[in-house]
Each structure stands twice: as C-alpha cells, then as structure tokens.
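Fold and contact review
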Amino acid sequence: MEARDILIRPLITERTTDLMADGKYVFVVDRRANKIQIADAVHEIFNVKVEDVNTVNVKGKTKRRGRTVGKTASYKKAIVKLAAGETIEFFTA
C-alpha cells in the first residue's frame, strides 16, 4: 500500500484544530491500514518524526430525509502525535 493511499485527507474541525497546538494531527485513513503503516506514511509525506499513533473506527450514523432512511459512511481516523518541535502546515498563506 502506497503512502498516498493510506492517508486520505486531514480532518479539520474545531476540536482537531485545538489538538494541533499540542502537536497532534488527525487524518482520515484507509480502513485496512495499521498504526505502523500510518506512521510511516506521515513520515514519508510530511518529513516529520512521529511519536505516537492512535486509531478510531467511526461508525456511520443513520440519517432520515422524509421517509427515506440512509446512512453516512463509516471511516477510520488516526490521531498522530509528532515529536516536540515538529509541525505540519496544512494551510499556507
């Protein structure tokens, strides 16, 4: 599995923005990827030292639109903690 296939996109919310101040970054990752593969992918793409990786499988929620019932997609997210002094720039000015 290629590094670009493992990291799908960064997850940017208010909570994850607060985590960035602590050196933790959140990504939506491939559901088959393990913690070692995720750490290697972040190191390869962003050239930073990864200290720790935590993963969470997020289940899709049931949603209704009138009488039609659907479900949002399930996904896996990874919370990646970087070594002290390391940063990833998502937004460049």
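Placed above this text is the structure.
Residues numbered from 1 in each chain as written. Predicted model: local features only at pLDDT ≥ 70, side-chain atom pairs only at ≥ 80, totals over all residues. Heavy atoms only, no water.

**Describing the pattern of salt bridges**
Stated precisely, the cut-off is as follows: What makes a salt bridge here is a side-chain nitrogen of Lys or Arg within 4 Å of a carboxyl oxygen of Asp or Glu, nothing more. A 1.4 Å probe rolled over the protein chains alone gives each residue an accessible area, and that area as a share of the maximum for its type sets the label: buried under 20%, exposed over 50%, partly exposed in between. Counting from the N terminus, the helices are the DSSP runs of H or I reaching at least four residues and the strands are the DSSP runs of E reaching at least two.
For the structure shown, the criterion picks out 2 salt bridges. Between aspartate 30 and arginine 32 there is a salt bridge, and its shortest N-O distance comes to 3.1 Å. You can call aspartate 30 buried: its relative accessible area is 14%. On the accessibility criterion, arginine 32 (64% relative accessible area) is exposed. Ionic pairing is found between glutamate 51 and lysine 81, a salt bridge with its closest N-O pair at 3.8 Å. Taken as a pair, glutamate 51 in strand 3 (residues 50–58) and lysine 81 in strand 6 (residues 75–82) lie far apart in primary sequence, 30 residues in all.

**Description of the pairing of strand 6**
Put simply, side chains in a regular strand alternate between the two faces of the sheet. To keep it simple, the criterion reads: Any two strands between which DSSP finds at least two bridges are classified as paired.
Taking every second residue as pointing to the same face, the buried face of strand 6 carries Lys76, Ala78, Val80 and Leu82, while none of Tyr75, Lys77, Ile79 and Lys81 on the other face is buried. Where strand 2 (residues 24–29) lies against strand 6, 6 bridges are found, and the strand directions are antiparallel. Looking across to strand 6, one finds that valine 29 is bridged to lysine 76. Strand direction decides the pairing type here: strand 3 and strand 6, joined by 8 bridges, are antiparallel. From the neighbouring strand, valine 53 faces strand 6, where its bridge partner is valine 80.

**Considerations on unusual backbone geometry**
Positive phi is not limited to glycine here, since asparagine 47 has a value of about 55°. You can see asparagine 47 is positioned in the loop between helix 3 (35–46) and strand 3.

**Details of helix 3**
Think of an α-helix as 3.6 residues a turn; residues three or four steps apart then line up on the same face. Quick note on the threshold: One fewer than the residue count of a helix, multiplied by 1.5 Å, yields its expected span. In this context, the arc is that of the directions from the helix axis out to the C-beta atoms. Note on contacts: a residue pair qualifies if any of its non-hydrogen atoms lie within 4.5 Å across the two residues.
Its 12 residues give helix 3 an end-to-end C-alpha distance of 16 Å, which sits within 8% of 16 Å, the value for a rise of 1.5 Å per residue. For helix 3, every residue scored as buried is listed here: Ile38, Ala39, Ala41 and Val42. All buried residues of helix 3 lie within an arc of 160° about the axis, which places them on one face of the element. Exposed and facing more than 90 degrees away from the buried side of helix 3 are Ile36 and Glu44. If you follow the buried residues of helix 3, they end up packed against helix 1 (3–6), strand 1 (7–10), strand 2, strand 3 and strand 6. Immediately downstream of helix 3, the backbone of asparagine 47 shows phi near 55°, a positive value.

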